[in-house]
Amino acid sequence: MAYIATFKDKAFQVKVEESKPGVYRVRINDEDYEVDFFKAQENIYSLIIDNQSYEVDVDEVDNDTYSVMLKGDHFDIQIIDEKKKKLDKTFAGGRGKRQEIKSPMAGNIWKLLKNQGDTVKEGELLIILEAMKMENEIRSPIEGIVTSMNAVEGTAVSAGSLLCLVDPHKK
Amino acid sequence: MAYIATFKDKAFQVKVEESKPGVYRVRINDEDYEVDFFKAQENIYSLIIDNQSYEVDVDEVDNDTYSVMLKGDHFDIQIIDEKKKKLDKTFAGGRGKRQEIKSPMAGNIWKLLKNQGDTVKEGELLIILEAMKMENEIRSPIEGIVTSMNAVEGTAVSAGSLLCLVDPHKK
Amino acid sequence: MFKKVLIANRGEIAVRVVRACKELGITTVAVYSEVDRASLHVRVADEAYCIGPAPSNQSYLVMDKIIEVARKSKVDAIHPGYGFLSENAEFAELCAKNGIVFIGPNPQAIRIMGNKTTSRVAVAEINVPLVPGMKENLLDEKHCQEWSEKIGYPLMLKAAAGGGGKGMRKVDRPEELLDAFRATKSESIKSFNDDAIYMERYIESPRHIEIQVLGDKHGNMIHVGERECSIQRRHQKVLEEAPSPIMNEEMRKRMGEAAINAARTVNYDSAGTVEFIVSGESREFFFLEMNTRLQVEHPVTEMVTGIDLCKEMIRIAAGQKLTIKQEDVKMRGHAIECRISAEDPDNDFLPTPGKIIGLRIPGGLGIRDESGMYEGFEVPIYYDPLISKLVVWGSDREDAIARCRRALSEYIVKGIKTTIPFHARVMLNEHFIGGDFDTDFIDTKFNMEDAGRERPDEKVAIISAAIKAFRFDQQNTRMVMATKEDSGGLNPWKLSGRIRSFKNR
Amino acid sequence: MFKKVLIANRGEIAVRVVRACKELGITTVAVYSEVDRASLHVRVADEAYCIGPAPSNQSYLVMDKIIEVARKSKVDAIHPGYGFLSENAEFAELCAKNGIVFIGPNPQAIRIMGNKTTSRVAVAEINVPLVPGMKENLLDEKHCQEWSEKIGYPLMLKAAAGGGGKGMRKVDRPEELLDAFRATKSESIKSFNDDAIYMERYIESPRHIEIQVLGDKHGNMIHVGERECSIQRRHQKVLEEAPSPIMNEEMRKRMGEAAINAARTVNYDSAGTVEFIVSGESREFFFLEMNTRLQVEHPVTEMVTGIDLCKEMIRIAAGQKLTIKQEDVKMRGHAIECRISAEDPDNDFLPTPGKIIGLRIPGGLGIRDESGMYEGFEVPIYYDPLISKLVVWGSDREDAIARCRRALSEYIVKGIKTTIPFHARVMLNEHFIGGDFDTDFIDTKFNMEDAGRERPDEKVAIISAAIKAFRFDQQNTRMVMATKEDSGGLNPWKLSGRIRSFKNR
């Protein structure tokens, strides 16, 4: 199988095949790796690559996005089927399109700093969410206009609820 | 539901009903208990009975037999549906019938002490099984005759394999 | 000694106290809010009583409910842990009124030391050094102006009722003063329902070092050494150690005596902590406040002294005399505590409540786990995000850091993000390793140094994710194939939910 | 210091050594047999090499394979752990020949101390007390008769190459002597491929007490106190503690000096243990043997002295001088080690290989986990059943026992039976608590005392099992109902496998 792996805006061509049960041949760009991949516990894998032993904690957090913990460091890696990648390009939106601001966690809406129709700068504070005795700041990822404010002060929200929409300024 | 619980040859009449979700009313013989039963981890339960807190480790080891660990002590308890119990009685065999001696664990047959046709006393050594650097003695649970010896010296057996049959002496 | 003790707390500290009681042969009574039925402290205690809904002001903070359970379960004493009712003089008095021993100091000690202003007045009288500043509160803007001239810049404005890093503001220049005065006052009223604030000198390269004291009801008082608590994030301690890398015997002796003197002003009769701010430059030390309870970070002191502070506190409350003499207190080696919180260090420490679906706790020599969680536990959203403390002992600071690094590499918490990776990176930071930091270090220097770190194992991470994706794709294909063959026309889309559920294998 | 070390072992001791190396900044190389791909030591090491099939004589015991990996991975040294090649002088020499440091004593020390007869001869010369008996081996039955008259009854017959409690026989009466002579000889040849046996006095109320020594390559030698190892099952240690309940400073000094003298006879230059048999009545002590490696029970010494024996052993092998002086060795508190084995204590300690499906390891102050297992690990049938060691420290013996009891109550291993309940009951035994036991205690007195124990929580056990049965029956009923309704005619029996799989919920 051929994939495109993306980590921190760098893309890698990745090919994977199973050479024997539990052993994989992985090519990243031009380098080949022979990987003994063993599931030790739920979502925890023991890898031996050229006799180097790694313990890796891999969760699929979202479609195609993998959260990897390795030697105390954290990596968010996107793995996309090469064919699918080509399709995706036509839909590519990114920071130029409408941003749905979702609650990253369950909590209470403590304060709204912006209302519908307000303009915001990138990184500006939109909402303060309270959970676990902490105030958590929700900021705008882009410059634009708050086209909808769904959050209401003093109400509880669950993780993933839509809090507001920010549209980029028309250019 | 009504059950017969058996522990160390003592039988108890047990009735169980769920009074509200997660809370059970249990009657053992003539005593009533209100039990807050919470599954904390796989096969590990937190019980609160009259505000007494217990952590109990319960595995079903066999049909109707439960292995319970509680405060460092171990209990093997049989729980049988009252109706089924009545049925079972007609089939009751116990120590008066043919004994299937099964391997309690995976290992190697190190030595046979008895052969087909030999008479054995209760508790007499039949087979020595080797596993984990230890010799494990398999003894006859009854007095009788070895009517079949399936184990072969020097061969490996898995847990639960039939090692031999011991029939009681005809009376 | 007590026969039965109620623990008026939850989480790791309640588990800590239950363990101490069990080891003393004392029966333990847990209380829990409705969402805490699954909490570890309920499972390990001998008895358990539900005291109401999740919000702490309807359960853990309701004095009458706690007292009711205490009377019903016929306990001899109540241990308050930290937070909640632990520094509430009224609760201590209510216990006494009901014939129950409050495991903590006398109520008057809590009352005086619980307020920054009254505590400063108390200790100033016996010449414990204070940060040069006011002993009263600021009256108005004019008063503020006057004092700023006496103290000079930079200066600090502080809420009298403050704590936990809230209600503090550094002022660098005169033109910022009045804005800061108003902002601190409003923050203070918002956070503490009290707008009293005061002013003091700003200490350069400030380090937070505290002295643990033990006093009994018979007038005996000792100190058991210091803890270095300067590794803080937004004025919240995240990592503590004992001894302090900047301490020597002479300084320890002077600070220890100052702490004992401060505690004596209130006839302190329990385990308590006197907090100091120390100038990293001049090594001058100044009294900050006294915490009249067991601290989160008490384990590091236990590791180096071999004294079980929690048990000592219980023995003292039961009226026993201190058996440890000042000259018997010997520090051996070095200890570090990492606070493990349900927070995402890669996302501005956003809280991460949720279910812990996998757990591996480090082991081996010198590792102590103080955990309030377990595999399968759902971290609730209602309480503090602290879920566990990793405490490490080593023969010296270098050994302790090496061991802590090793232990963190073994520590796995699955299902929620935690601060484990943050601590792992602190253990690699050169300034931390050199002992060269102050209370601003994490918020200012560390984050920058950390962001620029190398990630040599990027390729291994990609390989792992790619193989996982590949295995899923293979399995998916096989299952769809199998479905097509076996189901005799069943619509494979119907199975998509099931296939999904295999994804996390 | 070494840059890279190979650990020629598996299980908990390999994990122990990997941790020590990591903390010293040394890269670690694991070796593993085919069934040990999943073992924890493979997961925690930096590198890993497969060295063959499961049986140890095809993998862990094959010297050439180990050396080959050591050369390929370019290690500076090999740590043998305990068992396997740890007391093999030939292997130590093979390492030297290949330019690799063997982390252990010089081969001559292994050779002399590895044989009971040669070691007795060596130490007898420098007046280390021996159990009155022979210094040579028995020639024949006549020789045996002659010696029995000199020594008197009861007496012991012992295999010269014996160890681990095998090849020992107590003889109470003259008429038993010749049968015992033949039986011991044949057992010795079977177990050790060597029929040399000798005779000695039987010591009344024998206690097994051993002294840990540390010697370097520069002639420095210290002892770091004793371990009490009398709690044995069939001559196998199951629980050890430090200090010994029957020890005092004067006796420790005398035994320590005897141990150092014994070690000096072979220029001992590593961590090692001199084992003594002590009469519980007269308190006389006699040299038994010297183990020229790290012992299973080394952690209890580490807990009370604060010395990391594994690291010291590595430092010594790297040529460093001992930095600890005899007068610096101070014991603080008391430590107990419980060996947790995959054995069923309610079924004559039958081994219980299998998969660990759930695990909760105790935590808190004074608890040390030395584990070679993890949740999901399949305990293989090929090796020793020891899967973990629980090590507990307390301020004194009473405190350590109370804490150990508490820790064992928190310890959960699911999927296989272990010796945890056995240890829990030992901690409640009055003779154990009183320190009143000898090496026969478990096999003779404890089992009887234990069998008669009360089981006050029988009702709670029945309630738990009954509710579990009830929940299963309810679920089963619901599922069958749901199947009938939703499947539109699908045969419910087809789902029986699935229903079964819910049974263990």
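Residues numbered from 1 in each chain as written. Chains lettered and ligands numbered in written order. Predicted model: local features only at pLDDT ≥ 70, side-chain atom pairs only at ≥ 80, totals over all residues. Heavy atoms only, no water.

### Regarding the interface of chain B and chain D
Link 1 in the chain: Chain B puts 57 residues into the contact, and the matching count from chain D is 44 residues.
Link 2 in the chain: The junction of chain B with chain D conceals about 4700 Å² of combined surface from both sides, 63% of it contributed by carbon and sulfur atoms.
Link 3 in the chain: On the chain B side of the contact with chain D, E60(B), H74(B) and M132(B) bury the most area, a combined 14% of that side's loss.
Link 4 in the chain: Inspection of the chain B/chain D interface yields 8 salt bridges.
Link 5 in the chain: Residue D59(B) pairs with K414(D) through a salt bridge whose shortest N-O separation is 3.1 Å.
Link 6 in the chain: Counting the contacts that link chain B with chain D gives 13 residue pairs in polar contact (both at pLDDT 80 or more).
Link 7 in the chain: Among the elements that take part in the side of chain B that touches chain D, strand β6 (residues 52-62) of chain B stands out by supplying 7 residues, more than any other.
Link 8 in the chain: Taken together, the residues of the side of chain B that touches chain D sort by class into 34 nonpolar, 8 polar and 15 charged. (Contact = heavy atoms within 4.5 Å. Buried area = accessible area lost by both parts, 1.4 Å probe. Salt bridge = Lys/Arg side-chain N within 4 Å of Asp/Glu carboxyl O. Polar contact = N/O pair within 3.5 Å; in protein donor to acceptor, adjacent residues only side chain to side chain. Helix = DSSP H or I, 4+ residues; strand = E, 2+ residues; numbered from the N terminus. Nonpolar A, V, L, I, M, F, W, Y, C, P; charged D, E, K, R; others polar.)

### Digging into the packing of aromatic side chains
Link 1 in the chain: Here the structure, examined in full by the defined rule, presents 30 aromatic pairs over all chains.
Link 2 in the chain: Here the aromatic rings of F276(C) and F285(C) are separated by 5.4 Å at their centres, their planes lie at 85°, and the arrangement is edge-to-face. Judged on exposure class, the residue F276(C) and its partner F285(C) are both buried.
Link 3 in the chain: Aromatic pair F437(D) and F441(D): ring centres 6.4 Å apart, planes at 40°, arrangement tilted. Considered together, F437(D) and F441(D) belong to a single accessibility category, that of buried residues.
Link 4 in the chain: Joined through ring pairs, the aromatic side chains of F349(C), F422(C), F432(C), F437(C), F441(C) and F446(C) make up one cluster.
Link 5 in the chain: Of note, R43(C) hangs over the ring of Y374(C), and the distance from its end group to the ring centre comes to 4.2 Å.
Link 6 in the chain: Its end group placed over the ring of F432(C), R397(C) keeps NZ or CZ at 4.8 Å from the ring centre. (Phe/Tyr/Trp six-rings, centres within 6.5 Å; stacked < 30°, edge-to-face > 60°. Buried < 20%, exposed > 50% of the residue type's maximum accessible area, 1.4 Å probe, protein only. Lys NZ or Arg CZ within 6 Å of the ring centre and 35° of its normal.)

### A word on the environment of L139(C)
Link 1 in the chain: Tracing the sequence through the fold places L139(C) in the loop between α6 (116-124) and α7 (141-151).
Link 2 in the chain: Separated by 58 residues in the primary sequence, L139(C) and I197(C) have C-alpha atoms spaced 8.7 Å apart.

### As for the sheet that holds strand β12 (residues 125-131) of chain A
Residue and element names in this part refer to chain A.
Link 1 in the chain: Strands sit in the order β13-β12-β10-β15 across an open sheet of 4 strands; the sheet is antiparallel. The open sheet terminates on both sides in strands that have one partner only, identified here as β13 (134-139) and β15 (156-157).
Link 2 in the chain: The sheet contact formed by strand β10 (residues 107-112) and β15 spans 2 bridges and is antiparallel. Counterpart to N108 in the pairing with β15 is A156. (Pairing = 2+ DSSP bridges.)

### So, the side chain of D216(C)
Residues and elements named next belong to chain C.
Link 1 in the chain: You can see D216 is positioned in the loop between β9 (206-215) and β10 (221-233).
Link 2 in the chain: A distance of 2.7 Å separates a polar side-chain atom of D216 from the backbone nitrogen of H218.
Link 3 in the chain: Among the polar contacts listed, one links the side chain of D216 to the side chain of N220, at a separation of 2.7 Å.
Link 4 in the chain: In contact with D216, not counting residues within four places along its chain, are Y268, D269, I316, Q320, K321 and L322.

### Thoughts on the interface of chain A and chain C
When the parts of a complex come together, some accessible area is lost, and that lost area is often taken as the interface size.
Link 1 in the chain: On the side of chain C, 46 residues touch chain A, which itself brings 56 residues to the contact.
Link 2 in the chain: Inspection of the region where chain A meets chain C yields 8 salt bridges.
Link 3 in the chain: Taken together, the connections running from chain A to chain C amount to 13 residue pairs in polar contact (both at pLDDT 80 or more).
Link 4 in the chain: Here the residues of the side of chain A that touches chain C sort into 34 nonpolar, 7 polar and 15 charged.

### Quick word on the sheet that holds strand β11 (residues 236-242) of chain C
Residues and elements named next belong to chain C.
Link 1 in the chain: If you walk across this open sheet you meet the 8 strands as β13-β12-β9-β10-β11-β14-β21-β19, and the pairing is antiparallel. One side of each edge strand has no neighbouring strand; the edge strands of this open sheet are β13 (285-291) and β19 (367-371). Taken pair by pair, the neighbouring strands of this sheet meet at an average axis angle of 25°, ignoring direction.
Link 2 in the chain: Strand direction decides the pairing type here: β19 and strand β21 (residues 386-394), joined by 5 bridges, are antiparallel. The residue bridging D369 from the neighbouring strand is L390, located in β21.
Link 3 in the chain: On top of the sheet, helix α1 (residues 11-23) reaches β19 and β21; it is set at about 115° to β19, its chief contact. (Axes fitted to C-alpha atoms, helices over the stretch in contact; angles between N-to-C directions.)

### Looking at the domain arrangement of chain A
Link 1 in the chain: Segmentation of chain A into domains returns domain 1 (2-82) and domain 2 (96-168).
Link 2 in the chain: Computed over C-alpha atoms only, the centres of domain 1 of chain A and domain 2 of chain A are separated by 34 Å. (Domains from an automatic or database assignment.)

### Overview of the pairing of strand β5 (residues 44-49) of chain B
Residues and elements named next belong to chain B.
Link 1 in the chain: In terms of residue burial, β5 counts as a mostly covered element, since 6 of its 6 residues are buried.
Link 2 in the chain: With 6 bridges connecting them, strand β4 (residues 31-41) and β5 associate as antiparallel partners. Each bridged residue has a counterpart across the sheet, and for D36 the counterpart in β5 is I48.
Link 3 in the chain: Counting the residues between successive antiparallel strands, the hairpin from β4 to β5 contains 2 residues, one of them, N43, with a positive phi of roughly 60°.

### Brief notes about the state of the cysteines
All names here are of chain C.
Link 1 in the chain: All chains considered together, the criterion is met by 0 disulfides over all chains.
Link 2 in the chain: Note on C50: no disulfide assigned, nearest cysteine sulfur contributed by C95 at a separation of 20 Å.
Link 3 in the chain: With no disulfide of its own, C404 lies 3.6 Å from the sulfur of C338, the closest cysteine sulfur.
Link 4 in the chain: When its relative accessible area of 0% is taken as the criterion, C404 is described as buried. (Disulfide = S-S within 2.5 Å.)

### Describing empty space enclosed by the protein
Any empty space left between the atoms is revealed when a probe the size of a water molecule rolls over them.
Link 1 in the chain: For the coordinates displayed, the defined rule picks out 5 cavities of 30 Å³ or more.
Link 2 in the chain: Considered as a void within the structure, the largest cavity measures approximately 550 Å³ in volume.
Link 3 in the chain: Lining of the largest cavity is provided by 38 residues; of these, R360(C), I361(C), D369(C), R360(D) and I361(D) occupy positions nearest its centre.
Link 4 in the chain: If you list the elements that add at least two residues to the lining of the largest cavity, you get α1, α2 (40-44), β18 (358-360) and β19 of chain C together with α1 (11-23), α2 (40-44), β18 (358-360) and β19 (367-371) of chain D.
Link 5 in the chain: Of the residues that constitute the lining of the largest cavity, the class distribution is 18 nonpolar, 8 polar and 12 charged.
Link 6 in the chain: Each pocket or cavity is described by its volume, and for the second largest cavity that value is around 330 Å³.
Link 7 in the chain: Of all elements in the fold, only α10 (298-305) and β19 of chain C together with α10 (298-305) and β19 of chain D reach the threshold of two or more residues within the lining of the second largest cavity.
Link 8 in the chain: Taken together, the residues of the lining of the second largest cavity sort by class into 8 nonpolar, 5 polar and 6 charged. (1 Å grid on protein atoms, 1.4 Å probe; cavity = no way out; pocket = protein on both sides within 12 Å on 5 of 7 lines; lining within 4 Å. Points joined across faces, edges and corners; volume = space filled by probe spheres on them.)

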